[in-house]
Amino acid sequence: MRLLVKYANRLLCQTAAPVPLRQKASAAATGSLKLATSAQTELERANKQDSPLTDTFGRHHTYLRISLTERCNLRCDYCMPADGVPLQPKDKLLTTEEILRLARIFVEQGVRKIRLTGGEPTIRRDIVDLVAEMKALPQLEHVGITTNGLVLTRLLLPLQRAGLDSLNISLDTLQKDRFEKITRRKGWERVIAGIDLAVQLGYRPKVNCVLMRNFNEDEVCDFVEFTRERPVDVRFIEYMPFSGNKWHTDRLISFKETVELIRQRWPEFEALPNGPNDTSKAFAVPGFKGQVGFITSMTEHFCGSCNRLRLTADGNIKVCLFGNKEFSLRDAMRSNVSEEDLVDLIGAAVRRKKRQHAGMLNLSQMENRPMILIGG
């Protein structure tokens, strides 16, 4: 039996085709590539853990929202308190140079996406230049803007030439009269024209709609219908409590309730895949050009995958939209601290971020900025 096995092994060695040198080299190269990729992945993971943008729960923050102004040309009643907001003196707000300096520092530490908000960011005369300057930052991959859309027909083409990658447009009604009642201003036609222009220019704009009971819940299906022929992403946002907006649970329309309402008309309304850091749960009606999303901050929070930081117009870093702890980067810069100390301050703020924000009722009793001053 041993002789038979020995003979079989010898026969296999004689008949097996020799491995070409090129194949051996290719296999070696593949192995080396796998080792190099693995080593690079481990290095990136280690760098993230050591980054000032990584909190104590391992969340690495790569997305920065910068509020460019406290002012707005609308007066939406859920965003702007009825008696207005106390605007800060101009010298208390970040200058253009300070905004760009902080943007550069955040990008150098790992931020890859910046969204410009307000107030209303398009009322700044230098908004196009700001976008162009930020697009010139090495390693920054994406610059977006959140706007009420009133002046998009005039500004969007220059913004696109400056490098604007995406835009979110706030619109809570598809009815002209209701728009004027909500915003206390005219301009509904200009907003719709701005959305259509964005589509014509190749964007896939996100249309943000805050849903409230006895306010606009009767338009849910109208907004879904809006996505039939337009490649837009309508996002229904659960009504959130901020100082001065008279939030109450009775006005909250939950994600699940809204989905059930839509499926009464479109039973085939289906969920779509989501990215790891998406705040919006994506859905669509099959055959429609656009889609629908749900931002469920109140009923199904997404704190565990949050990668966002906020910089207010007066230079404070907010690590959570609903948090009332802020750190002044403006004061630090104007005290002539080194950039290393600025980075340390950013890291200290990030490390104080909690695992998740408080519940609805607690949030409604907490002091926080009005929504208009956060760019929420």
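From a predicted model like this one, the values you see are computed outputs, not experimental measurements.

**Q** Would you explain the overall build of the protein chain in this entry?
**A** What the protein chain contains, in helices and strands, is twelve helices and twelve strands. Restricting the contact set of the protein chain to residue pairs at least 6 apart, pairs at least 24 apart contribute 73%. Accessible area of the protein chain: about 19,200 Å², with a carbon and sulfur share of 52%.

**Q** Whenever I open this one, helix 3 (residues 96-109) confuses me. Can you help?
**A** Count 3.6 residues to each turn of an α-helix, and residues three or four apart come out pointing the same way. Across its 14 residues, helix 3 extends 20 Å between first and last C-alpha, which sits within 8% of the 20 Å expected from 1.5 Å per residue. Residues of helix 3 that are buried: E98, I99, L100, L102, A103, I105, F106 and V107. A positive backbone phi angle near 135 degrees is found at G110, which sits one or two residues after helix 3.

**Q** Is there a simple way to think about the nonpolar core in this case?
**A** Proteins that are soluble and globular tend to have nonpolar side chains buried together. Formed by 80 residues in total, the largest nonpolar core has its most connected members in I66, I114, L116, M134 and F236. Broken down by element, this core gets its largest block of residues, seven residues, from helix 3. Residues contacting I66, with those up to four places away along its chain left out, are I99, A103, I114, R115, L116, T117, M134 and L311. One finds V210, M212, I237 and I295 within the second-largest nonpolar core, a separate group that totals eleven residues.

**Q** Looking at this structure, I do not really get the sheet that holds strand 7 (residues 270-271). What am I missing?
**A** Sheets are built from strands paired through backbone hydrogen bonds, the pairs being either parallel or antiparallel. Spatial ordering of the open sheet is given by 7-8-9-6-5-4-3-2-1-10-11-12, a layout of twelve strands whose pairing is mixed. Unpaired on one side and paired on the other, strand 7 and strand 12 (327-328) mark the two borders of the sheet. Against the sheet, helix 3 contacts strand 1 (63-67), strand 2 (113-117), strand 10 (308-311) and strand 11 (316-318), and its axis sits at roughly 170 degrees relative to strand 1.

**Q** Mind showing me how you'd approach the pattern of salt bridges here?
**A** When their charged atoms lie close together, side chains carrying opposite charge are able to pair. All told, the structure shown has 18 salt bridges when counted by the stated rule. Of the charged contacts, one joins E189 and K176 as a salt bridge, the two residues approaching to 3.1 Å between their closest N and O atoms. On the criterion of sequence distance, the pair formed by E189 in helix 7 (residues 188-200) and K176 in helix 6 (residues 176-183) is long-range, its members being 13 residues apart. A salt bridge links R178 to E219, with the nearest nitrogen and oxygen atoms 2.8 Å apart.

**Q** Sorry if this is basic, but what is going on with the side chain of E219 here?
**A** Considering the arrangement of structural elements, one finds E219 in the loop between strand 5 (206-211) and helix 8 (220-226). The buried category is assigned to E219, whose relative accessible area is 0%. Beyond its immediate chain neighbours, meaning those up to four positions away, E219 contacts D172, T173, L174, Q175 and R178.

**Q** Even after reading the chapter, I still don't get the environment of Q356, so can you show me in this structure?
**A** With respect to the helices, strands and loops of the structure, Q356 is situated in the loop between helix 11 (339-351) and helix 12 (360-365). Sequence separation between Q356 and G323 is 33 residues; the distance between their C-alpha atoms is 9.8 Å.

**Q** Would you mind going over unusual backbone geometry with me for this structure?
**A** Of the consecutive residues G118 and G119, the connecting peptide bond is found in the cis state with omega at 10 degrees. If you trace the backbone, G119 turns up in the loop between strand 2 and helix 4 (127-135). The phi dihedral of Q139 is positive, around 80 degrees, even though this residue is not glycine. Positioned with a positive phi, R184 is a non-glycine residue whose angle comes to about 60 degrees.

**Q** Which parts of the structure should I look at to understand the packing of helix 3 against helix 4?
**A** Any two packed helices are characterised by how steeply their axes cross, that is the angle between the axes, and by the distance between the axes. Closest axis-to-axis distance for the helix 3/helix 4 pair is 10 Å, and the angle between their directions is 25 degrees. The pairing of helix 3 with helix 4 is recorded here as roughly parallel in orientation. Remark: the crossing between helix 3 and helix 4 carries right-handed chirality. Where helix 3 abuts helix 4, its residues T96, I99, L100 and A103 lie against L130, E133 and M134.

**Q** Hey, could you run me through the pairing of strand 10 in this one?
**A** The side chains of a regular strand alternate, first on one face of the sheet and then on the other. Covered by surrounding structure in strand 10 are R308 and R310 together with L309 and L311, the residues of both alternating faces. As judged from the four bridges shared by strand 1 and strand 10, these two strands associate in the parallel manner. The residue of strand 10 that forms the bridge with L64 is L309. Examined bridge by bridge, strand 10 and strand 11 share two bridges and lie antiparallel to one another.

**Q** When you look at the confidence of the model for the protein chain in this model, what are you seeing that I'm missing?
**A** Interpretation of the predicted coordinates at a detailed level should be avoided for regions scoring low in pLDDT. On average, residues of the protein chain score 84 in pLDDT, and 76% of them are at 70 or above. pLDDT under 50 marks residues 1-17. Its contacts with residues more than four places away, or in other chains, come to zero contacts.

Scoring rules and cut-offs
- Residues numbered from 1 in each chain as written.
- Predicted model: local features only at pLDDT ≥ 70, side-chain atom pairs only at ≥ 80, totals over all residues.
- Heavy atoms only, no water.
- Helix = DSSP H or I, 4+ residues; strand = E, 2+ residues; numbered from the N terminus.
- Contact = heavy atoms within 4.5 Å.
- Areas by Shrake-Rupley, 256 points an atom, 1.4 Å probe, with all protein chains shown as cover.
- Expected span 1.5 Å × (residues − 1).
- Buried < 20%, exposed > 50% of the residue type's maximum accessible area, 1.4 Å probe, protein only.
- Core = buried A, V, L, I, M, F, W, Y, C linked by side-chain atoms within 4.5 Å.
- Pairing = 2+ DSSP bridges.
- Axes fitted to C-alpha atoms, helices over the stretch in contact; angles between N-to-C directions.
- Salt bridge = Lys/Arg side-chain N within 4 Å of Asp/Glu carboxyl O.
- Parallel < 35°, antiparallel > 145°, perpendicular 65-115°, else oblique.
- Left-handed = near helix turned anticlockwise from the far one by under 90°.
- pLDDT = per-residue confidence, 0-100.

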